[in-house]
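Residue-level listing of the chains:
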Amino acid sequence: SLILQAGSNSISVSATNACGSDSKTVSIRYNEPCPETQVTIMSPVAGLQSTQSTVQLQVLVTEVNSAGQITTTVNGVLVSGGTYNTVTNMYSVTVNLSAGANTIVVLSQNKCGSDSKSVLVSYTVPCSTPVVNIVAPVAGSVSSGASAQLQVSVSNVTSAGQIVATLNGSPISGGSYNSVTNIYS
């Protein structure tokens, strides 16, 4: 068994006896194995429905030496950062999600080729229901005047247009909402 060197190898054989000699030479080229990189997305799982605006991407990437050989995009936009552990072959990066469907693509490249995998993650922006607390007038109070000042604490809204107040079933107009204090009056 011969141990070949990378590239061209020349093998010569000669034989000699009392009647003469003969020799032959052959060349053999040895191409070292060149394993292509492979990508396997471990997390998140395909079809993930998230209410978080970011997701931690965990990817098994073989036959690379650094994070510089790996690129990640979300909806076609390049994601910066990321770390690669050469002992575990794990690439990790936190990606920002947009509302709706997000296609995350991981591409790795080495001198022997490239591989890419994608995963679809959907992000639903959390939506909180409004919370209403009447501050004034106090329930069950008695008024000696014909008018009362209305003051209501309303959270999880952004404007007075999202609030409807009524008096004896008829809409009250002219209310204002302070989004800093969450008070409607």
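Just so we're clear, the structure is a prediction, and the values are computed from it rather than from any experiment.

## Observations regarding the overall build of the chain
- When helices and strands are counted, the chain shows zero helices and 17 strands.
- Since a compact globule built from 185 residues should have a radius of gyration of about 16 Å, the 36 Å found for the chain marks it as more spread out than a globular shape.
- For the chain, the C-alpha atoms occupy an extent of roughly 140 × 25 × 20 Å along the three principal directions.
- Taken across its 185 residues, the chain has 22% of its residues classed as buried.

## A few points about the pattern of salt bridges
- Taken as a whole, this structure holds two salt bridges when the rule is applied.
- A salt bridge links Asp22 to Lys24; the nearest nitrogen and oxygen atoms lie 3.5 Å apart.
- Here Asp22 falls in the partly exposed class, since its relative accessible area comes to 45%.
- Note on Lys24: relative accessible area 56%, which makes it exposed.
- The salt bridge involving Lys117 is made with Asp115; its shortest N-O contact spans 2.9 Å.

## Notes on the state of the cysteines
- Inspection of the entire model under this criterion finds one disulfide.
- A sulfur-sulfur separation of 1.1 Å characterises the disulfide bridge that pairs Cys34 with Cys112. On the sign convention where negative is left-handed, the bridge of Cys34 and Cys112, at about -70° about the S-S bond, is left-handed. Here Cys112 lies in the loop between β10 (100-110) and β11 (113-123) and Cys34 lies in the loop between β2 (20-30) and β3 (38-43), a separation of 78 residues in the sequence.
- Judged by its relative accessible area of 37%, Cys34 falls in the partly exposed class.
- Classification of Cys112 by relative accessible area gives buried; the value is 19%.

## A closer look at the nonpolar core
- The biggest cluster of nonpolar side chains holds 20 residues, and the ones touching the most others in it are Val59, Val95 and Ile104.
- Elements supplying a minimum of two residues to this core: β3, β5 (54-62), β6 (70-74), β9 (90-96), β10 and β11.
- The next biggest cluster of nonpolar side chains, apart from the first, holds seven residues, and it includes Val154, Ala165, Tyr177 and Tyr184.

## Digging into the sheet that holds β6
- Reading across the sheet, the five strands line up as β4-β11-β10-β6-β7 and stay open at both edges, with mixed pairing between neighbours. Each of the sheet's edge strands pairs with one partner strand only, and the pair in question is β4 (48-50) and β7 (77-79). Along the sheet, successive strands turn relative to each other by an average axial angle of 30°, direction set aside.
- Where β6 lies against β10, five bridges are found, and the strand directions are antiparallel. Paired with Val74 across the strands is Ile104, a residue of β10.

## Remarks on the side chain of Thr72
- Within the element layout of this structure, Thr72 appears in strand β6.
- In this structure the side chain of Thr72 is engaged in a polar contact, spanning 3.2 Å, whose partner is the side chain of Tyr91.
- Setting aside its immediate chain neighbours within four residues, Thr72 contacts Leu57, Val77, Leu78, Val79, Tyr91, Val93, Val95, Ile104, Val105 and Val106.

Conventions and cut-offs
Residues numbered from 1 in each chain as written. Predicted model: local features only at pLDDT ≥ 70, side-chain atom pairs only at ≥ 80, totals over all residues. Heavy atoms only, no water. Helix = DSSP H or I, 4+ residues; strand = E, 2+ residues; numbered from the N terminus. Rg over C-alpha atoms; globule rule 2.2 N^0.38 Å. Buried < 20%, exposed > 50% of the residue type's maximum accessible area, 1.4 Å probe, protein only. Salt bridge = Lys/Arg side-chain N within 4 Å of Asp/Glu carboxyl O. Disulfide = S-S within 2.5 Å. Core = buried A, V, L, I, M, F, W, Y, C linked by side-chain atoms within 4.5 Å. Pairing = 2+ DSSP bridges. Axes fitted to C-alpha atoms, helices over the stretch in contact; angles between N-to-C directions. Polar contact = N/O pair within 3.5 Å; in protein donor to acceptor, adjacent residues only side chain to side chain. Contact = heavy atoms within 4.5 Å.

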